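Per-entry structural report
Chain by chain, the residues:
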Protein chains: 2
Amino acid sequence: MTLKKTTNPLLDEDELSLNLIEAQYLLRNTRGQNNAKSVLVLVNGIELAGKGEAVKQLREWVDPRYLLVKADAANMFNNQQTYWQPYANSIPAEGQLMVLFGNWYSDLLATALHVSKPLDESQFDAYIADMQAFEQDLKNNHVDVVKVWFDLSWKSLQKRMDNLDPHEVRWHKLHGLDWRNKKQYDSLQKLSQRFIKDWNIIDCEDEKARNQQFAQIILAAMKNCPEHVSEVKSKWKPAAVPELLLHPENQPTTKEDYKKELKELSVKVAEALRFDDRKAIIVFEGMDAAGKGGAIKRLVKNLDPREYDIHSIAAPERYEKRHPYLWRFWTKLQTNEDIRIFDRSWYGRVLVERVEGLISEHAWQRAYEEINRFEKDLVNSQTVVIKFWLAISKDEQATRFKAREETPNKRFKITPEDWRNREKWDAYLDAAADMFERTSTDYAPWHIIANDDKNTARLEILRAILKQLRAN
Amino acid sequence: MTLKKTTNPLLDEDELSLNLIEAQYLLRNTRGQNNAKSVLVLVNGIELAGKGEAVKQLREWVDPRYLLVKADAANMFNNQQTYWQPYANSIPAEGQLMVLFGNWYSDLLATALHVSKPLDESQFDAYIADMQAFEQDLKNNHVDVVKVWFDLSWKSLQKRMDNLDPHEVRWHKLHGLDWRNKKQYDSLQKLSQRFIKDWNIIDCEDEKARNQQFAQIILAAMKNCPEHVSEVKSKWKPAAVPELLLHPENQPTTKEDYKKELKELSVKVAEALRFDDRKAIIVFEGMDAAGKGGAIKRLVKNLDPREYDIHSIAAPERYEKRHPYLWRFWTKLQTNEDIRIFDRSWYGRVLVERVEGLISEHAWQRAYEEINRFEKDLVNSQTVVIKFWLAISKDEQATRFKAREETPNKRFKITPEDWRNREKWDAYLDAAADMFERTSTDYAPWHIIANDDKNTARLEILRAILKQLRAN
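Note that this is a predicted model, so its numbers are computed, not measured.

About the thresholds
Residues numbered from 1 in each chain as written. Chains lettered and ligands numbered in written order. Predicted model: local features only at pLDDT ≥ 70, side-chain atom pairs only at ≥ 80, totals over all residues. Heavy atoms only, no water. Least-squares fit on C-alpha atoms with pLDDT ≥ 70 in both. Contact = heavy atoms within 4.5 Å. Domains from an automatic or database assignment. Buried area = accessible area lost by both parts, 1.4 Å probe. Salt bridge = Lys/Arg side-chain N within 4 Å of Asp/Glu carboxyl O. Polar contact = N/O pair within 3.5 Å; in protein donor to acceptor, adjacent residues only side chain to side chain. Helix = DSSP H or I, 4+ residues; strand = E, 2+ residues; numbered from the N terminus. UniProt positions renumbered as here; feature names shortened; annotations may be inferred. Expected span 1.5 Å × (residues − 1). Bend = angle between axes of the 7 residues up to and from the residue. Buried < 20%, exposed > 50% of the residue type's maximum accessible area, 1.4 Å probe, protein only. Patch = residues over 30% accessible without salt bridge, like charges linked within 9 Å, V, L, I, M, F, W, Y side chains within 5 Å. Areas by Shrake-Rupley, 256 points an atom, 1.4 Å probe, with all protein chains shown as cover. Lys, Arg positive; Asp, Glu negative; His and termini not counted. Charge placed at Lys NZ, Arg CZ, Asp CG, Glu CD. Pairing = 2+ DSSP bridges. Phe/Tyr/Trp six-rings, centres within 6.5 Å; stacked < 30°, edge-to-face > 60°. Lys NZ or Arg CZ within 6 Å of the ring centre and 35° of its normal. Axes fitted to C-alpha atoms, helices over the stretch in contact; angles between N-to-C directions.

Its rotation angle being 180 degrees, the transformation that places chain B on chain A also includes 0.0 Å of axial translation and leaves an RMSD of 0.0 Å. What the rotation and shift describe, once combined, is the action of a two-fold rotation axis. When each C-alpha of chain B is compared by its distance to the rotation axis, B:Tyr319 comes out closest, at 4.0 Å. Here 100% of the contact residues of chain B are again contact residues in chain A; the copies associate through an equivalent surface.

Where the parts come together, the accessible area they lose is often given as the size of the interface. Residue and element names in this part refer to chain A. Considered domain by domain, chain A is made up of domain 1 (13-223) and domain 2 (243-471). Between the C-alpha centres of domain 1 and domain 2 there is a distance of 39 Å. If you look at the interface, domain 1 gives 22 residues, while domain 2 gives 21 residues. In total, domain 1 and domain 2 occlude about 1,900 Å² of area from one another, counting both sides; carbon and sulfur atoms represent 49% of this. Taken together, the links from domain 1 to domain 2 amount to one salt bridge. Between Arg373 and Asp137 there is a salt bridge, with the nearest N and O atoms lying 2.6 Å from each other. In this structure, the connection of domain 1 to domain 2 is made through eleven residue pairs in polar contact (both at pLDDT 80 or more). Of all the elements, helix α4 (residues 121-140) adds the most residues to the side of domain 1 that touches domain 2, at six residues.

As recorded in UniProt, the sites labelled "domain: Polyphosphate kinase-2-related" (unreviewed entry) are residues 31-224 and 255-470 of chain A. For residues 255-470 of chain A, the end-to-end C-alpha separation is 28 Å, with 52% helix and 15% strand making up the annotated structure.

All right, on to the interface of chain B and chain A then. Taken together, the contacts link 52 residues of chain B with 52 residues of chain A. Counting every contact that joins chain B to chain A gives eight salt bridges. Where A:Glu47 meets B:Arg306, a salt bridge forms, and the shortest distance between an N and an O atom there is 3.2 Å. The interface formed by chain B and chain A contains twelve residue pairs in polar contact (both at pLDDT 80 or more). Mapped onto the side of chain B that touches chain A, the elements with two or more residues apiece are α1 (13-28), α2 (51-61), β2 (68-71), α6 (166-174), α10 (255-274), β7 (308-312) and α12 (318-321) of chain B.

With 20 residues, helix α15 (residues 361-380) of chain B extends 30 Å between its outermost C-alpha atoms, agreeing within 8% with the 28 Å of an ideal straight helix rising 1.5 Å per residue. Residue B:Ala367 marks the point of greatest curvature in α15(B), where the axis turns by about 35 degrees.

What follows is about the side chain of A:Asn35. Residues and elements named next belong to chain A. Along the chain, the position of Asn35 falls in the loop between α1 (13-28) and β1 (38-45). What makes Asn35 buried here is its relative accessible area of 17%. Contact partners of Asn35, with chain neighbours within four places excluded, come to Thr30, Cys225, Pro226, Glu227 and His228.

This brings us to a negative patch on the surface. Residue and element names in this part refer to chain A. On the surface, Asp12, Glu13, Asp14 and Glu15 cluster together into a patch of negative charge. Positionally, Asp12 belongs in the segment before α1. Relative accessible area serves as the criterion here: at 46%, Asp12 is assigned to the partly exposed category.

The subject of this paragraph is the pairing of strand β4 (residues 143-151) of chain B. Each regular strand carries side chains that alternate between the two faces of the sheet. Residues and elements named next belong to chain B. Of all nine residues in β4, nine are buried; the element is thus mostly enclosed. Two strands pair when backbone bridges link them, and strand β1 (residues 38-45) and β4 are joined in this way by eight bridges, in the parallel orientation. In the strand pairing of β4, Ser38 is matched with Val143. In terms of strand pairing, β4 meets strand β5 (residues 200-203) through four bridges, oriented parallel. When the sheet's bridge partners are listed, Phe150 is paired in β5 with Ile202.

Moving on: unusual backbone geometry. Residue and element names in this part refer to chain B. One non-glycine residue, His142, lies in positive phi territory at about 75 degrees. Mapping His142 onto the fold places it in the loop between α4 (121-140) and β4. Here His142 falls in the partly exposed class, since its relative accessible area comes to 29%. A positive phi angle, near 65 degrees, is found at Ala289, a position not held by glycine. Considering the arrangement of structural elements, one finds Ala289 in the loop between β6 (279-286) and α11 (292-299). Judged by its relative accessible area of 8%, Ala289 is buried.

A few words on the packing of aromatic side chains. What the rule picks out here adds up to 61 aromatic pairs over all chains. With centroids separated by 4.8 Å and ring planes inclined at 65 degrees, the aromatic side chains of B:Tyr347 and B:Trp446 adopt a geometry described as edge-to-face. Of the two residues, B:Tyr347 is situated in the loop between β8 (339-343) and α14 (352-355) and B:Trp446 in strand β10 (residues 446-450); the sequence distance between them amounts to 99 residues. Residue classification places B:Tyr347 among the buried residues on the basis of a relative accessible area of 0%. In this structure, A:Arg354 packs its charged tip against the face of A:Trp364, placed 3.9 Å from the ring centre. Of note, B:Lys332 hangs over the ring of B:Phe329, and the distance from its end group to the ring centre comes to 5.8 Å.

All names here are of chain A. The five strands are arranged β7-β8-β6-β9-β10 in an open sheet whose pairing can be described as parallel. Single-partner strands in this sheet number two, and they are β7 (308-312) and β10 (446-450). Neighbour-to-neighbour, the strand axes of the sheet open up by a mean angle of 20 degrees, direction not taken into account. Pairing analysis gives five bridges linking strand β6 (residues 279-286) to strand β8 (residues 339-343), with the strands arranged parallel.

This is the structure we're talking about:
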């Protein structure tokens, strides 16, 4: 296969510079607009092809205040984190231009070529498919991903290696593969053919042309800021509301049985979580007053706060809104916490944001698949994802609201808005139904727990956690 | 020494809960006000004293959405990062309440008691002095630091160990010291006497009293939100403006000599930076058009962008302003980048923010010592801090401004505001003079480089970097 290389005519350098600067302002000015976007440039290719020089030249041509460059040494894939986790903080916000070398492709190539157990072709292709889907999600969430491959022939590479002084050779070896090894070079070129069909390929024999091609690719990306399309192509097929949501009655447990079982189960759950080699993410969703807080309290009963984190999720902050909506969760997952509990979660996208009309139909309809991919990546990196919907009846909610209003130190939990939200009760049920149908996967199933009787529900939650931990 | 333990009378639980919730709202409402503050609670003490239970009970009493809890395993001191670096992201923003167990004290104690080469008393005391100064800086920047020590007698500790089931024992061992070792317990108690004079000590024999004391300490901290004092006690003693700033003339270098020397020096600098075991932070400050960008370009000439980061520092974002002003630099320094270049820096606090009157006199006068401590911590954690002031004359600036205006792709660098800023030329010189006098330390000296002739200046900068790298 011969790949078509990018060959734009060379421009006058001052003119190119001016165009780049104007495009930077254009891009920045999309912030908060209906064509808001950012540009993420992934830079990969052959060592000594001149990626670094091209980036430095770019910095000369643009307004450097508005060019972000991030470059890290390779992170070998280790099954402990997803391929995007090391880069979550490098995903640019609306209006930003980020050049990222050191990215998931360099990590994949380093892993594929380096480790004692190299990846086979099907594993490699599976990663590529995942990455391409992730990049499509980024694009749909207004992060334009531009991929640039710096190509160089074996002959030229060897000539450039010959011209390095010994110190530089050492450095270039540190950060990559052995570029004197023809077999490795050929393997890399062969592997690259498996994914660079949609990349911009730059022939790096000529340095000046190389720098210009790179800048022109970025210029084109920055200038291309169309209005976001929010048209929905096909008619939405709503799911039926599960019976359990319409009738969330459950059998009450006697106080005595509850106490005894709670004690036993919470010890078991604590031990199961504590000694599981995987990380755990436990999500609680449900209507206001559905009992999320009470369930969490029982769940952590026999855990020490040093063993878990509880994230209470409210509306996103302004700076978080300038990123893909999942970004604030990506960044929360970067540290190596073993047990994470979410009191509300990323499902807000297809619940409150959908029902309250905060986002376009287009956006929430797309979100189900984005969430599924997100959770699949987590599960593939040694994480158990356990999701609960706590179901209560509208009458029971009213009873609990009134009880809260009558208890001084619970009153903060209830506002006029909570009463108003009851008018949208059915819309929330519809949204929940769609959510179950589309995001209850074999790797991260939903548990719907009838919660009109809190105690029974709490025991059920603990049993469900135990069961899922033991099953996978 | 017998320490006085906290003994507030016990309150009715519902009343305490209500008070806590009201205090949380009070604290949140300080945001953006003249009494803005946050509360950072450091939790330490004897294992099994019940820190975790007290935090869990606190969560029951407060509005959990506005309680942040962060708990990490101990980070052993390793000389590669400062003691505050692992916690930079856990410093609360205005209006927030953060409980941090797992903090610099637990790290210090774990390091002091655990490593093969334990800390001697003078090292230990030096760390404590640094930490207390850091906490005072936090306090001055509106992060109220509340320290709580959970105390438990050896006898009670052993009794509680007896009652643990074997799994729990395993877990408690994982995360700390050997609590069956009387000698270690005594060492810890002895060490603690060296720093807990200003702590809140909670006697943890009685669980209910313990939880209440803890909550009441936090309640008192949240309720105490006085207006910030911005009175300046003593008259400011301005420094004399260095001669070099008034006459930044330098000898021009011939074009030939410049090219030759630049090539040699930039290779040497690249190698010196690359193969130094320490990290490097290189700061550029100076008037507009002083040549910071050009100097940086030459500095990185023989480095690959994967080896360095360039941070272009502009005015802080809104969410950054809710933190201590150094916070946005603390968080930038968390990753393990070897070479960091700052195009403007934390010195903005005593330059633009001072001269433009963006902060109180009180705040900028305090900043010099805060910055010195910050840089000292960096130097102590294997970092070379190299600082440049590029000096140009007012006439030379005007010449460069005009040249920028006449070059289409340089025009973005110049705005009407830049011309207006010239009116404050002398005020900036005064601010720079004070900055040199107060922040040019033996561990992080300022280099003032006359820059009316750019080429000569660029060579001088490279020579200064080489010299400082070789000297330390």
